[in-house]
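# An overview of the molecular structure
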Amino acid sequence: MTDSDPIVITGMGVVSPLGVGVAANWEALMAGRSGIVVNDRFDVTDFACKIAGLVPPKEAPNGFDPTTVIDPKDIKKMDLFIQYGLVAAAEAIAQSGWVADTPEKQAVTGTVIGSGVGGSPVMAEAAKTIIERGPRRLSPFTVPSFLANLAAGWISIGYGFKGPIGAPVTACAASAQAIGDGMRLIKTGEAEIVVCGGAEGSVDPVSIGGFAASRALNTTYNDRPTEASRPFDKGHAGFVLSEGAAVVVIERLSHAVARGATPLAIAAGYGTSADAYHLTSGSPDGAGAQVAMRNSIKMAGLTPDDIGYVNAHATSTEVGDNAEINGIRNLFGDRGKSLAVSSTKSSTGHMLGAAGAIEAVISILALRHQMLPPTLNLADPEEVAAQFDLVPNASKPKALKHVLSNSFGFGGVNASLVFSAV
């Protein structure tokens, strides 16, 4: 059954290793570019992993300059993930054209910005300061700069949004759940419009060292960073940690039309589930992922056969990639090459809690441009994945009406979103 007044996306914003701005990111994806570089954020001499997906500096093309959005005196009060979130939100809100300039508009505007970790660089630096200089040397802004909900807080304060506010902290599913939570707020009538997404800035010694210690990070392509993220390829050897933010603005179609906004796509379905299986690994058959995907498709009033493209969570780990493909295969059946499945983490790296939101934006762009973003570095696909069109190494056109985006996280959390053409 089709919703006569669906939830639509009216604004999008992105900060990623591919650059700042939705257009810059899409251009880079279509050109098959990678944002993975040698990590110069800190001294990596003693670290097994020496690469990362870093947001380019302001001197670079489409580089990041927080002062375009943030008062310089406020920057010291916030860790990077908050800065990224504010810049992505500014682009999304500007595109949507929404201005909450009355108490009534403020009261119906929600803000839900997830983060997998929050301000881990500040936390790491604070611990170092305590050890080397003592606790009295800590900044009074230490705690508010690292709390995971403060990206949502800063956005809400900056724009006067007084509706529901939230911050899912569900590892790598956080921002997909943020969008799903936003959809639910609109469906229940608690909000009329929601600014939702995710932000992450965790390229720091603790995160890089910790993920490497768990053998999750790629440590074998340090001399070839752009080749390191290899979802579905037999040469995959761990994910590449990245940073950035992505934000979307969602509202009912009637609300968008009444104020003259342009609907970009329909946020048609959302599903979430728990694996209840393992701290860091999903069930090998993708059972939990299947539940999330099935429920998102059901909410959208569709069947698996209606989905033309899946933006996979696939991070470039053998266990995770294969489990997801097994889940897709078990749900979608023998679709063969008629089902396109690609992982854009091959270009962006893994943005942790912001991954779901940027992949939602990419999925929406795939619909709008009728183009499939590629899976880079796919030279020798795993047999279990090869049955599908993995869009190897180059983008290509495809007629699309409905797409699905997956996000899975440590702790066994799964989230899937379905987007449809307007």
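Nothing here was measured: the structure is a model prediction, and the numbers come from that model. (Residues numbered from 1 in each chain as written. Predicted model: local features only at pLDDT ≥ 70, side-chain atom pairs only at ≥ 80, totals over all residues. Heavy atoms only, no water.)

### Considering unusual backbone geometry
For Asn-62, which is not a glycine, the phi torsion comes out positive at approximately 55°. Among the structural elements, Asn-62 can be located in the loop between strand S4 (51-53) and helix H2 (72-75). Classification of Asn-62 as partly exposed rests on a relative accessible area of 43%. Phi at Ala-171 takes a positive value of approximately 50°, unusual for a residue other than glycine. (Helix = DSSP H or I, 4+ residues; strand = E, 2+ residues; numbered from the N terminus. Buried < 20%, exposed > 50% of the residue type's maximum accessible area, 1.4 Å probe, protein only.)

### Examining the pairing of strand S14 (residues 402-409)
With eight of its eight residues buried, S14 lies for the most part within the structure. The alternating pattern of S14 places His-402, Leu-404, Asn-406 and Phe-408 on one face and Val-403, Ser-405, Ser-407 and Gly-409 on the opposite face, and all of these are buried. Judged from the three bridges that link them, strand S10 (residues 309-311) and S14 form a sheet pairing that is parallel. Along S14, the bridge assignment pairs Asn-311 with Ser-405. Here S14 pairs with strand S15 (residues 413-420) via eight bridges, running antiparallel. The residue bridging Asn-406 from the neighbouring strand is Ser-416, located in S15. Counting the residues that bridge the hairpin from S14 to S15 gives three residues, and of these Gly-411 lies at a positive phi of roughly 90°. (Pairing = 2+ DSSP bridges.)

### Things to note about the environment of Asn-414
Within the secondary structure layout, Asn-414 lies in strand S15. Classification of Asn-414 as buried rests on a relative accessible area of 2%. Sequence spacing of Asn-414 and Val-112 is 302 residues, and the spatial spacing of their C-alpha atoms is 18 Å. Not counting residues within four places of it along the chain, the set of residues in contact with Asn-414 comprises Gln-177, Gly-271, Thr-272, Ser-273, Ala-274, Asp-275, Gly-288, Ala-289, Ala-292, Ser-407 and Phe-408. (Contact = heavy atoms within 4.5 Å.)

### Some words on helix H14 (residues 355-369)
The end-to-end C-alpha distance of H14 is 21 Å, a good match for the 21 Å that 15 residues give at a rise of 1.5 Å each. Just downstream of H14 lies Gln-370, where phi reads positive at about 55°. (Expected span 1.5 Å × (residues − 1).)

### Considerations on the pattern of salt bridges
In total, this model carries 13 salt bridges according to the counting rule given. One salt bridge in this structure joins Asp-223 and Arg-224, with 3.9 Å as the shortest N-O distance. For Arg-230, the salt bridge goes to Asp-233, with nearest N and O atoms at 3.4 Å. Judged by its relative accessible area of 9%, Arg-230 is buried. (Salt bridge = Lys/Arg side-chain N within 4 Å of Asp/Glu carboxyl O.)

### A few points about the nonpolar core
In terms of nonpolar packing, the biggest core is built from 48 residues, with Ile-9, Met-12, Ile-250 and Phe-419 touching the most fellow members. Looking at this core, the elements with two or more residues in it are strand S1 (7-16), helix H1 (22-30), helix H8 (174-187), strand S7 (193-200), strand S8 (244-252), strand S9 (265-274), H14 and S15. Of the residues forming this core, the biggest block, nine residues, is contributed by H14. Discounting chain neighbours no more than four positions away, the residues touching Ile-250 are Ile-7, Val-8, Ile-9, Ile-179, Gly-182, Met-183, Ile-186, Glu-192, Ile-193, Val-194 and Cys-196. (Core = buried A, V, L, I, M, F, W, Y, C linked by side-chain atoms within 4.5 Å.)

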